[in-house]
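A structural walkthrough
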Amino acid sequence: MIKKARIGLRVLFLLKCIPYQWIQKIIHKLVQPFLSIFDETTEQVLSKLTNNKKLIGILTYLCGDYVEMPSRSSFGIQALISDHYMGGGYFPIGGPSMIARIIVPIIEKSKGKAFVRAPVSSILLNEENKAIGVVVKGHRIFSRIVVSAISSTITYKYLIPQTHQHLVQSHLKIIESPELVSETGYMSMFIGHQGDSDELNLPKRNLWIFPSWNHDENTKKFHDDYNADFPGIFISFASAKDPTYHTRYLKKSVASIITAGIYEHVENYKDKRVKHRGDTYNQLKDQ
Ligand SMILES: Cc1cc2nc3c(=O)[nH]c(=O)nc-3n(C[C@H](O)[C@H](O)[C@H](O)COP(=O)(O)OP(=O)(O)OC[C@H]3O[C@@H](n4cnc5c(N)ncnc54)[C@H](O)[C@@H]3O)c2cc1C
């Protein structure tokens, strides 16, 4: 099934590269057997293979990676992420910033530019409704190709000018439908420790901790009550994975802890300033 998801994903990407929708539709019909895996939920597919609920819970432990319950997630995504971890995971030597350090000089060598703190406020469109550039801090930057690497909802809702919103309404309707809209986000915390990873016996592997193997029930309980157990806690020690960490930060280690975050739990504080959200917010964080 993982192989099928792998092929399905390639087919989906290739379909997107075809500029004519009518050709896309014909090919889509022909390759449907490879795509059906994306239409069924993880729970539907695994329930056909076993009725052992604990086994299903163990096989879907990585649902926290894509923050969706097995009853709602596409089996294709579950299969692709399982595939991603086959043979183990990787950590960039020198930390994730190495990715930018290596990629940016290559972009610049080709006369490109990489900007930071450069929020795009709008996508520029020509008379034929083609994207021809972006607006950044009032500056118009033109480009032959514009790729938005942020969420499609935000791209369509906030970056397409009001005058062209009607062009994306049908896409938005699909993305924001109850079956697709995401209900869960993340909360994360970094913790610094004195002592290196060997001294503290910190593992290189990631840890997942769940209150039970029923991920749907765990998520629903937490959704309804912030005081319920976190539906899943992820713990990872970058300092144990990166062999250069202790040369850069002597006798220090770091842990990254991630869990689900529900917007409604903190919605009341949405208009308050960071670090000035008041005592009740701080109490909520302390819990
Ligand atoms: C808590 C957490 C832990 C994770 N851990 C891992 C892990 O251990 N291993 C792993 O492989 N993956 C991990 N992931 C997943 C990984 O981070 C994402 O898959 C990856 O970052 C996606 O890259 P991206 O470029 O598509 O999006 P992003 O990394 O989200 O990049 C989008 C960028 O666009 C910027 N942006 C947004 N709006 C605008 C705008 N209007 N103008 C200009 N810029 C804008 C954002 O600030 C952001 O920098 C984790 C994700 C999360 C949330």
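Rules behind the numbers
Residues numbered from 1 in each chain as written. Predicted model: local features only at pLDDT ≥ 70, side-chain atom pairs only at ≥ 80, totals over all residues. Heavy atoms only, no water. Helix = DSSP H or I, 4+ residues; strand = E, 2+ residues; numbered from the N terminus. Contact = heavy atoms within 4.5 Å. Phe/Tyr/Trp six-rings, centres within 6.5 Å; stacked < 30°, edge-to-face > 60°. Buried < 20%, exposed > 50% of the residue type's maximum accessible area, 1.4 Å probe, protein only. Salt bridge = Lys/Arg side-chain N within 4 Å of Asp/Glu carboxyl O. Near = heavy atom within 4 Å. Polar contact = N/O pair within 3.5 Å; in protein donor to acceptor, adjacent residues only side chain to side chain. Areas by Shrake-Rupley, 256 points an atom, 1.4 Å probe, with all protein chains shown as cover. Nonpolar A, V, L, I, M, F, W, Y, C, P; charged D, E, K, R; others polar.

Moving on, we get to the side chain of Gln78. Structurally, Gln78 can be placed in helix H6 (residues 75–85). Excluding residues within four positions of it along the chain, Gln78 makes contact with Thr42, Leu59, Thr60, Leu62 and Tyr66.

Considering all chains together, one arrives at 7 aromatic pairs under this definition. Pairing Trp208 with Phe210 gives two aromatic rings, centres 5.7 Å apart and planes at 5°, and the pair type is stacked. Its relative accessible area of 18% is what places Phe210 among the buried residues. Aromatic side chains Phe210 and Trp213 sit 5.7 Å apart centroid to centroid with 45° between the ring planes, which places their arrangement in the tilted category.

A few words now on the pattern of salt bridges. Scanning the entire structure with this criterion turns up 9 salt bridges. With a shortest N-O distance of 2.5 Å, Glu199 and Lys251 are connected by a salt bridge. Within this pair, whereas Glu199 is found in helix H10 (residues 197–200), its partner Lys251 is found in the loop between helix H13 (245–248) and strand S7 (252–261), the two being separated by 52 residues in sequence. For Lys251, a relative accessible area of 44% gives the class partly exposed.

All residues in the neighbourhood of the ligand are listed as Ala118, Pro119, Val120, Ala149, Ile150, Tyr186 and Ile258. Between the ligand and the protein, one listed contact pairs a nitrogen atom with a backbone N or O atom of Val120 at 2.7 Å. Taken by itself the ligand offers 1,000 Å² of open surface, and the protein chains cover 30% of this. In the shell around the ligand, the residues fall into 7 nonpolar, no polar and no charged.

Glancing now at unusual backbone geometry. Despite not being glycine, Val67 has its phi angle at roughly 35°, a positive value. Its location among the elements puts Val67 in the loop between helix H5 (53–59) and H6. Residue Lys137 is not a glycine yet carries a positive backbone phi of 45°. Tracing the backbone shows Lys137 in the loop between strand S2 (131–136) and strand S3 (139–142). We classify Lys137 as exposed; its relative accessible area is 59%.

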